[in-house]
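Single-letter residue listing:
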Amino acid sequence: MPCFDSITIEQGKEPSALLHTPPHLARSRLQFLLFERNHFQASAYSLRARESMAAPVGLMSELNNIVTIKVHPSIGIARVGNAPGEFYYAPEVPGELPNPGSPFRDSKGRIKRQACRFRIYGYDASGQVVRELTADDGVITWRVEVANLKAGWYAFVNAMDLPNGMAIAEARRNPQYRGDARNQLDIVPGSRSISGRGVSGAHYAFDTGKFFQSKVYLGEVRTDEAGRLVFVPGRGKSSPKVKGTKPTTFANNDDWHDDVADGPVRARVELPDGRSLEAEPGYIVVTPPDFGPGLQGPVTMADVVTNTFIELGWQEAPARPSFAGEIWPIFSNLATSQWTNNGVNMMIGHNAPADPHNPQVYTRLASNDDAHTAYRQRWFQLFRNPRASHQKSVAIPPFYGSAFSEFLDAPEAYLSITAAQYDALEKWANGQFDADAPTKDDLPPVPAFADLSANEQCAALDRVGLSNCLGDAFHPGIELTWIMRRGSMWKAPYRLNVLPEGELPRQDYGDMLEPAVALGPDGPLNASGPGALTRYMGVPWQTDEASCASGYNPHFYTSMPSFWAPRVPNQVLSEDSYERLMDDTLPIGQRLKHFDFRQDWYRDIQGSGYQDRITNMVEQWWMLGIVRQQSGPNNEPLLPSVLFVEDPRCARLTGNPVDDGCQGTRYRFFDPNFALIKAMEDLNDPAKLSRLMSRMQQELRGEGEDQTAPSPLQGSLRRDQR
C-alpha cells in the first residue's frame with residue numbers, strides 16, 4: 001500500500017483557482033484513497049487531452065520507434081538558498097559554470113537557489129536514445145516524493161565501509177524518543193504531481209511535512225514552457241525543536257532539523273497513439289549551497305561512482321587514457337583549490353614551479369614523449385596509492401580522508417584519488433596515453449547543451465550533477481557521502497535502485513546500526529527512497545560546514561590539508577585584494593602582495609571560538625562570501641587572467657547598520673587598515689590621495705554612496721577544532 005498521498009493539478013488551470021487541501025495525512029486507508037483518486041483524475045485528464053492532440057506526421061515515425069522512456073538526469077542536484085523568489089538552473093553539461101554571467105544573490109544579497117530541471121528521453125527497442133519528449137509530444141505527468149529523515153536516522157561517526165575494522169557502529173540520533181514518538185523526527189510531506197506547461201504555485205510546495213509540530217518547507221515543483229519538471233529546493237533554514245537551543249557538535253545535533261531532502265522523480269507520458277509509457281525514474285538530491293561555483297576537488301563524486309562501475313564490470317577502464325579526458329582533470333581540479341586554500345596556492349597555484357596551468361609545465365604534462373618520462377614519473381610518485389597499506393602523509397592530494405579524526409595513522413586518514421584514476425595516472429607516467437591536447441588551446445571547449453546529440457545529452461545530464469559534487473572526505477561530506485561508492489546502491493551506471501512508489505526507507509535497525517548490518521543484504525543500501533541519501537549527512541548541515549576546515553596542526557607551515565575547500569573555502573582572495581591587484585599603477589611587487597594575501601573565509605562568524613562559529617553559521621551562512629570567477633589583468637604574466645574572488649562581504653557581519661538586506665556592494669564597512677594601506681600606496685599621486693582621503697571622510701560620516709561603520713567583531717581567529 002502506498003505510504004504517500006498525492007496532489008494532482010490539471011493542466012491549464014491557474015493555481016489560484018484551485019482549492020489547496022493539506023495533503024499530509026496519517027498513513028491510513030484515507031491516504032491510500034486520496035492517492036488512488038488523484039491518479040484517476042490525472043488519467044482522466046490525460047485521456048481528454050490526448051483526444052484533442054495531434055502530433056505532426058513527421059514526428060510520428062520517431063514516436064512509433066520509442067518503446068521505453070527514462071527521466072534524465074538520473075540523479076539531479078539542487079542547492080538551497082534563501083532568496084525567496086529567484087533561482088537559477090543547475091548546469092546541464094559537465095564543465096559548465098553554474099549561473100554564468102549572472103549574480104548568485106538577489107538585490108538584497110540573499111543567495112539564489114539552484115533548481116534542477118528534469119527531462120524525458122525516449123529509447124527504441126535496441127536501447128538507443130531516439131530523442132527528448134516534451135509537452136509537444138504528449139501529456140507528461142510528473143510525480144515527485146522527497147523527505148528529510150536525518151533526525152530519525154543514526155548518528156554519523158565515520159564511513160561504515162572503512163576497511164580493517166575501522167568502521168564504528170552508530171547509535172540513533174535523538175535516542176530519547178522511542179517507538180512511535182520517533183515519527184515526529186521524520187519530515188515527510190508526501191508526493192506531488194504536476195502536468196502542463198509553465199505551471200507553478202503554492203499547491204506544488206513540499207510544505208506539509210512536520211518536525212514535531214512545525215511545518216518544514218522542503219522545496220517545490222513547477223514545469224517549464226516545454227513541460228519539463230523543475231525542482232526548486234528549500235531555503236537553507238535550520239532550527240531546533242526548542243527555540244534558543246544551541247548546536248554543540250559537527251554532525252549530530254539532537255532536536256535539530258534542516259531542510260535538505262532527496263527522493264525519486266517519476267513521470268508518465270500519454271502519447272497521441274494511445275500508448276501510456278511509465279518512465280524509468282530519476283532522483284533529486286538537495287544539498288547545501290556551493291560557495292565555490294566552478295571549482296572542483298581532485299576527486300569528484302562522478303569519479304567515485306565511475307570507479308564503482310568499473311569494479312562492478314559495468315564500465316571498462318581505458319586501455320590508453322586520454323590526456324584531455326582522464327589525466328588533465330586530475331591536475332586542473334587539484335589546482336582550483338588555490339583559490340580556497342592558501343597551502344594549495346603555495347604548492348600548486350599561479351607562479352608556483354608546479355603550476356599545471358603554466359604553459360611550460362602543461363607541455364611536459366601533456367606530452368608522451370620519452371624526454372618527459374622522468375618528469376611525469378616524479379609527479380606520479382607524489383600521489384597516494386589508494387591500495388597502499390601504509391600512510392603517506394607527504395603526498396597529494398593535500399586533503400583529509402574518510403578516516404581522519406578517528407584513525408589518524410591509517411592510510412585512509414588522507415585523501416587518495418580513486419583506483420581508476422590512479423591506474424590511469426600510472427599509464428600516463430609511463431607514456432601509455434593519448435597526447436590529444438599538446439597545448440591548452442587544444443583542450444576541447446565545453447559544448448552547449450543544444451549542440452549535443454540526444455545520446456550525448458543523456459550522458460551529460462547523468463554525469464553533470466555528480467561531477468559538481470565532492471568525492472571525499474566522507475566525514476560525512478558536503479553533498480553526498482560514502483554510500484554512493486557501494487555497488488548495492490546502483491541498478492545501472494548513474495541510476496539508483498529505487499524503492500516502489502509510496503514506500504519510505506526503513507528507519508529502524510535497532511538501537512545501534514552495526515557496519516555488518518549497514519552493508520548487508522537486508523541493510524539500508526539496497527534501494528533508495530525519499531530521504532534515503534541525505535539522512536547520512538550532518539544535521540544541520542551548517543554546523544558541519546563550520547567545523548571541517550583545514551590545517552588542524554598549527555605547527556605546520558601552511559593551512560593544509562583541507563576537508564572541502566572547493567565547496568567550503570578555507571582562505572580566500574578578498575574583494576579588497578582584488579581591487580588593489582587590478583590597479584596597474586601600483587608596482588608589480590605590491591600587486592603580488594595583494595594577490596597572495598588570503599584571508600580566512602570564516603573571519604566574520606568566528607566569534608570567540610568553535611561554539612560561536614557553528615551557532616553563527618546556522619543563521620548567517622548566506623552572508624558569507626561566494627568565491628566566483630572574475631577577469632584578471634591581461635597584460636601581466638605574473639597575475640592570472642582569470643581569478644576566483646570572494647564577493648562583497650555582508651554588512652550585517654561586518655557591523656554596518658543595514659536597513660535593506662545584505663547588499664554588500666552598497667553597504668560596505670569601513671576598514672581603517674585597508675584605507676591606510678591604500679593611502680600609503682598613493683603617496684606618490686597627490687590627486688589620487690586627495691580623492692581617497694575625501695572619500696574616507698565621507699564614509700566615516702556615513703555620507704555618500706557607501707554607508708559604513710567600523711566592525712565591532714573582535715573575535716579570536718584561532719584555528720578551529722572539531
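Reading the values: rules and limits
Within every chain, residues take consecutive numbers counted from 1 along the sequence as written. Whole-chain, interface and lining totals are the exception, using all residues; otherwise, since this is a predicted model, local features are given only for residues with pLDDT of at least 70 and side-chain atom pairs are given and counted only at 80 or more. With hydrogens and water excluded, all non-hydrogen atoms of the structure serve as input to the side-chain values. Note on conventions: DSSP H or I runs of at least 4 residues are helices, E runs of at least 2 residues are strands, and numbering of each starts at the N terminus. Whether a residue is buried, partly exposed or exposed follows from its accessible area with a 1.4 Å probe, protein chains only, as a fraction of its type maximum: under 20%, in between, or over 50%, in that order. A contact between two residues is defined here by any heavy atoms of the two lying within 4.5 Å. Method for areas: the Shrake-Rupley scheme with a 1.4 Å probe, in which residue coverage is limited to the protein chains shown. Picture the helix axis, draw a direction to every C-beta atom, and the arc is the one those directions span. Salt bridge, as used here: a side-chain nitrogen of Lys or Arg that lies within 4 Å of a carboxyl oxygen of Asp or Glu. What qualifies as a polar contact is a pair of N or O atoms within 3.5 Å, subject to a donor-acceptor requirement within protein and to the restriction that residues adjacent in sequence count only when both atoms come from side chains. Interaxial angles span 0 to 180 degrees and are taken between N-to-C directions of axes, which are lines fitted to C-alpha atoms, for helices over the stretch in contact. Any angle from 65 to 115 degrees is called roughly perpendicular, while one under 35 is roughly parallel, one over 145 is roughly antiparallel, and all others are oblique. Ten residue types, Ala, Val, Leu, Ile, Met, Phe, Trp, Tyr, Cys and Pro, are classed as nonpolar, four, Asp, Glu, Lys and Arg, as charged, and the remainder, Gly among them, as polar. In this analysis, a patch consists of residues with relative accessible area above 30% that form no salt bridge, clustered at 9 Å for like charges and at 5 Å for the nonpolar side chains Val, Leu, Ile, Met, Phe, Trp and Tyr. For this count, His and the chain ends are skipped, Lys and Arg are scored as positive, and Asp and Glu as negative. For charged residues, the charge sits on one atom: NZ in Lys, CZ in Arg, CG in Asp, CD in Glu. Across the chain, each position has a pLDDT score giving the predictor's confidence in that residue, from 0 to 100. Pairing between two strands requires that DSSP report at least two bridges joining them. For the purposes of this section, nonpolar cores are sets of buried Ala, Val, Leu, Ile, Met, Phe, Trp, Tyr and Cys residues that join through side-chain atoms within 4.5 Å. Here a pair means two rings of Phe, Tyr or Trp (six-membered ring of Trp) with centres within 6.5 Å. Their orientation is stacked below 30 degrees between planes, edge-to-face above 60, and tilted elsewhere. Only when the NZ atom of a Lys or the CZ atom of an Arg is both within 6 Å of the ring centre and within 35 degrees of the ring normal do we say a charge sits over the ring.

A. Geometry of the overall build of the protein chain. In terms of helices and strands, the protein chain carries 16 helices and 25 strands. A total of 722 residues make up the protein chain; the buried ones form 58% of that total. Summarising the internal contacts of the protein chain: among those between residues at least 6 apart in sequence, 74% fall at separations of at least 24. With an accessible surface of roughly 29,000 Å², the protein chain has 52% of that area assigned to carbon and sulfur atoms.

B. Structural context of helix H14 (residues 610–620). Burial in H14 covers these residues: Tyr610, Arg613, Ile614, Met617 and Val618. All buried residues of H14 project into a common sector of 140° when viewed along the axis, lining one side.

C. Structural context of the pattern of salt bridges. As enumerated under the stated definition, the model contains 38 salt bridges in all. Among the salt bridges present, the one from glutamate 92 reaches arginine 117, with a minimum N-O distance of 3.3 Å. Here glutamate 92, found in the loop between strand E4 (87–89) and strand E5 (113–123), pairs with arginine 117, found in strand E5; they are 25 residues apart in sequence, far enough to count as distant. Look at glutamate 92 and you get buried, because its relative accessible area is 8%. Judged by relative accessible area, which is 16%, arginine 117 ranks as buried. Put simply, aspartate 511 and arginine 172 hold a salt bridge, and the shortest N to O gap is 3.3 Å. Placement of the pair is aspartate 511 in the loop between strand E20 (495–496) and strand E21 (512–513) and arginine 172 in the loop between strand E8 (170–171) and strand E9 (191–195), with a sequence separation of 339 residues. Residue classification places aspartate 511 among the partly exposed residues on the basis of a relative accessible area of 40%. Here arginine 172 falls in the buried class, since its relative accessible area comes to 13%.

D. How the structure looks around helix H6 (residues 359–366). For H6, the complete set of buried residues consists of Val361, Tyr362, Leu365 and Ala366. Around the axis of H6, the buried residues are gathered within 125° of arc, so they sit on the same side. Relative to its buried face, H6 has exposed residues pointing more than 90 degrees away, namely Pro359 and Gln360. Where the residues of H6 are buried, they touch helix H4 (323–336), helix H7 (373–382) and helix H8 (419–429). Of the residues flanking the start of H6, the one acting as N-cap is asparagine 358, its side-chain oxygen 2.8 Å from the backbone nitrogen of glutamine 360.

E. The packing of helix H3 (residues 301–311) against helix H9 (residues 454–467), seen in detail. Between H3 and H9, whose axes approach to 6 Å, the crossing angle comes to 120°. The orientation of H3 with respect to H9, classified from their angle, is oblique. Residues Met301, Ala302, Asp303, Val305 and Thr306 of H3 touch H9, and the partners they reach there are Arg463, Leu466 and Ser467. Its residues placed into classes, the contact of H3 with H9 shows 4 nonpolar, 2 polar and 2 charged.

F. Region of interest: a negative patch on the surface. Together, Glu326, Asp436, Asp441 and Asp442 give the surface a local cluster of negative charge. Residue placement: glutamate 326 occurs in helix H4. Residue classification places glutamate 326 among the partly exposed residues on the basis of a relative accessible area of 32%.

G. Representation of the confidence of the model for the protein chain within the structure. The predicted model of the protein chain has a mean per-residue pLDDT of 87, with 85% of residues at 70 or higher. For the stretch residues 1–54, pLDDT sits under 50, and the model shows 94 contacts to residues farther than four places along the chain or on other chains. Here residues 704–722 scores under 50 on pLDDT; set against residues more than four positions off or in separate chains, the count is 60 contacts.

H. Representation of the pairing of strand E25 (residues 642–646) within the structure. In terms of residue burial, E25 counts as a mostly covered element, since 4 of its 5 residues are buried. With 5 bridges connecting them, strand E24 (residues 627–631) and E25 associate as antiparallel partners. Of the residues in E25, the one forming a bridge with arginine 628 is valine 645.

I. View of the nonpolar core. Judged by nonpolar contacts, the single largest core of 87 residues is most densely connected at Phe118, Trp142 and Phe231. In this structure phenylalanine 118 touches Val71, His72, Pro73, Gly76, Trp142, Arg228, Leu229, Phe231, Val265, Tyr283 and Ile284, once residues within four positions along its chain are discounted. Residues Val344, Phe399, Leu415 and Met484 belong to the second largest nonpolar core, which totals 66 residues.

J. Structural context of the packing of aromatic side chains. Counted under the stated rule, the structure contains 34 aromatic pairs. Measuring from ring centre to ring centre gives 6.2 Å for phenylalanine 323 and phenylalanine 433, while their planes differ by 45°; the resulting arrangement is tilted. Of this pair, phenylalanine 323 sits in helix H4 while phenylalanine 433 sits in the loop between H8 and H9, and the two are 110 residues apart along the sequence. Look at phenylalanine 433 and you get buried, because its relative accessible area is 0%. Their ring planes at 45° and their centres at 5.7 Å tell us that tryptophan 601 and tyrosine 602 sit as a pair that is tilted. Classification of tryptophan 601 by relative accessible area gives buried; the value is 1%. What links up through ring pairs into an aromatic cluster is the set Tyr400, Phe404, Tyr414, Tyr552, Phe563 and Trp564. The ring of tyrosine 602 carries the charged tip of arginine 613 above its face, separated from the ring centre by 4.8 Å.

K. Seen up close, the environment of glutamine 629. Mapped onto the elements of the fold, glutamine 629 is located in strand E24. Sequence-distant contacts of glutamine 629, defined by excluding residues within four places in its chain, comprise Leu97, Val642, Leu643 and Phe644.

L. Just the environment of leucine 586, in detail. Structurally, leucine 586 can be placed in the loop between helix H12 (575–581) and helix H13 (588–596). Residue leucine 586 is classed as buried on the basis of its relative accessible area of 6%. Counting along the chain gives 96 residues from leucine 586 to aspartate 682, while the straight-line C-alpha distance between them is 8.6 Å.

M. The pairing of strand E18 (residues 282–287), seen in detail. In terms of burial, E18 is a largely internal element, 6 of the 6 residues being buried. Judged by which residues are buried, E18 turns out to be covered on both faces: Gly282, Ile284 and Val286 on one side and Tyr283, Val285 and Thr287 on the other are all buried. Two strands pair when backbone bridges link them, and strand E3 (residues 76–79) and E18 are joined in this way by 4 bridges, in the parallel orientation. The residue bridging arginine 79 from the neighbouring strand is threonine 287, located in E18.

N. A look at the packing of H6 against H7. Put simply, H6 and H7 touch, their axes get as near as 8 Å, and they point 95° apart. By the angle class used here, H6 and H7 are roughly perpendicular. On the side of H6, the interface is formed by Val361, Arg364 and Leu365, while H7 contributes Tyr375, Arg376, Arg378 and Trp379. For the contact of H6 with H7, the per-class residue count stands at 4 nonpolar, no polar and 3 charged.

O. Structural context of unusual backbone geometry. The residue after histidine 475, namely proline 476, is reached through a cis peptide bond having omega -15°. Examined against the element boundaries, proline 476 turns out to sit in the loop between H9 and strand E19 (490–492). That bond from methionine 560 to proline 561 is cis: its omega, -5°, falls within 30 degrees of zero. By secondary structure assignment, the location of proline 561 is in the loop between helix H11 (541–545) and strand E22 (571–572). Positive phi, normally seen in glycine, also occurs at phenylalanine 212, with a value near 55°. Locating phenylalanine 212 in the fold gives a position in the loop between strand E10 (210–211) and strand E11 (214–215). Under the relative-accessibility criterion, phenylalanine 212 is labelled buried at 11%. Its identity as a non-glycine residue notwithstanding, tyrosine 494 has a phi of 70°, on the positive side. The residue tyrosine 494 is located in the loop between E19 and E20 in this model. A relative accessible area of 9% places tyrosine 494 in the buried class.

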